[in-house]
Amino acid sequence: MENERPVLKAVDVELGDVVTVAVALTTSDGTRTGEAEGSIDPAARARVVGEATLRALETLTGKAKFELAAVGTTTMDGVTVALVQVEEPAQGERYVGSALVRHGDAVLATARAVLDALNRRLAAIP
């Protein structure tokens, strides 16, 4: 990846019997997409977004495999923040990321939090 940080291009959420999420990330090499699906329950949607973001990142690295250990939101002084904890089992590492929830959009904030958790790690992958 040559120390280039991916940019969040799109997060598409489709609702049916399950929720299906596709996350598109761009770099100078083009756009990569990751997908995930899970429970239609609104409380589970952030986890599906986080998983789809990790799958997109894995297509960029080609090597590293990540697991979403935890995802949630919290409100501090009236501001809502999306939080994620990501594991890289092969390295025995954990990373934490956060992003502000803007305009009530926890979906985008969760994807941005995953990127925040892994941006420095991605820069170290040859």
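In case you missed it, the structure is sitting above this.
Analysis parameters
- Residues numbered from 1 in each chain as written.
- Predicted model: local features only at pLDDT ≥ 70, side-chain atom pairs only at ≥ 80, totals over all residues.
- Heavy atoms only, no water.
- Patch = residues over 30% accessible without salt bridge, like charges linked within 9 Å, V, L, I, M, F, W, Y side chains within 5 Å.
- Areas by Shrake-Rupley, 256 points an atom, 1.4 Å probe, with all protein chains shown as cover.
- Salt bridge = Lys/Arg side-chain N within 4 Å of Asp/Glu carboxyl O.
- Lys, Arg positive; Asp, Glu negative; His and termini not counted.
- Charge placed at Lys NZ, Arg CZ, Asp CG, Glu CD.
- Helix = DSSP H or I, 4+ residues; strand = E, 2+ residues; numbered from the N terminus.
- Buried < 20%, exposed > 50% of the residue type's maximum accessible area, 1.4 Å probe, protein only.
- Expected span 1.5 Å × (residues − 1).
- Pairing = 2+ DSSP bridges.
- Axes fitted to C-alpha atoms, helices over the stretch in contact; angles between N-to-C directions.
- Contact = heavy atoms within 4.5 Å.
- Core = buried A, V, L, I, M, F, W, Y, C linked by side-chain atoms within 4.5 Å.

**Regarding a negative patch on the surface**
A cluster of like negative charges, contributed by Asp12, Glu14, Glu35 and Glu37, occupies part of the molecular surface. Sorting the residues of the negative patch by element identifies strand S1 (7-15) and strand S3 (30-38) as the ones contributing at least two each. Tracing the backbone shows Glu37 in strand S3. Residue Glu37 is classed as exposed on the basis of its relative accessible area, which comes to 58%.

**A short note on helix H1 (residues 45-61)**
In this model H1 runs 25 Å from its N-terminal to its C-terminal C-alpha over 17 residues, within 8% of the 24 Å that 1.5 Å per residue would give. Looking only at H1, the buried set comprises Val48, Val49, Gly50, Ala52, Thr53, Leu54, Ala56, Leu57, Glu58, Leu60 and Thr61. Following H1 by one or two positions, Gly62 adopts a phi angle in the positive range, close to 70 degrees.

**Some points on the sheet that holds strand S6 (residues 93-100)**
As summarised here, the arrangement of the three strands in space is S4-S5-S6, forming an open sheet in which the pairing is antiparallel. Two strands bound the open sheet, and with one partner strand each, they are strand S4 (67-76) and S6. In this sheet, neighbouring strand axes are inclined to one another by 20 degrees on average, regardless of whether the strands run parallel or antiparallel. Inspection of the sheet shows S4 paired to strand S5 (residues 79-88) by nine bridges, in the antiparallel sense. Within S5, the position partnered with Thr75 by the bridge is Thr80. Contacting S4 and S5, H1 crosses the sheet at an angle of about 130 degrees to S4. In this fold helix H2 (residues 106-123) packs onto S4, S5 and S6, with an angle of close to 135 degrees to the strand it touches most, S6.

**Concerning the nonpolar core**
Of all hydrophobic cores here, the largest spans 30 residues; its most connected members are Val21, Leu54, Leu57, Val86 and Leu118. Sorting the residues of this core by element identifies strand S2 (19-27), H1, S5, S6 and H2 as the ones contributing at least two each. Ranked by residues supplied to this core, first place goes to H2 with eight residues. With near-sequence residues (within four places) excluded, Leu54 lies in contact with Phe66, Glu67, Leu68, Val86, Val114 and Leu118.

**Some words on the environment of Gly16**
Topologically, Gly16 is positioned in the loop between S1 and S2. The sequence separation of Gly16 and Ser39 amounts to 23 residues, and the corresponding C-alpha distance is 9.7 Å.

**Description of the sheet that holds S1**
One open sheet accounts for three strands, arranged S1-S2-S3; its pairing is antiparallel. Since the sheet does not close on itself, it has two edges, and those belong to S1 and S3, each with one partner. Pairwise comparison of adjacent strand axes, ignoring direction, gives a mean angle of 15 degrees for this sheet. In terms of strand pairing, S2 meets S3 through nine bridges, oriented antiparallel. Note on S3: the bridge partner recorded for Val19 is Gly38. Lying on the sheet, H2 is in contact with S1 and S2; it crosses S1 at an angle near 135 degrees.

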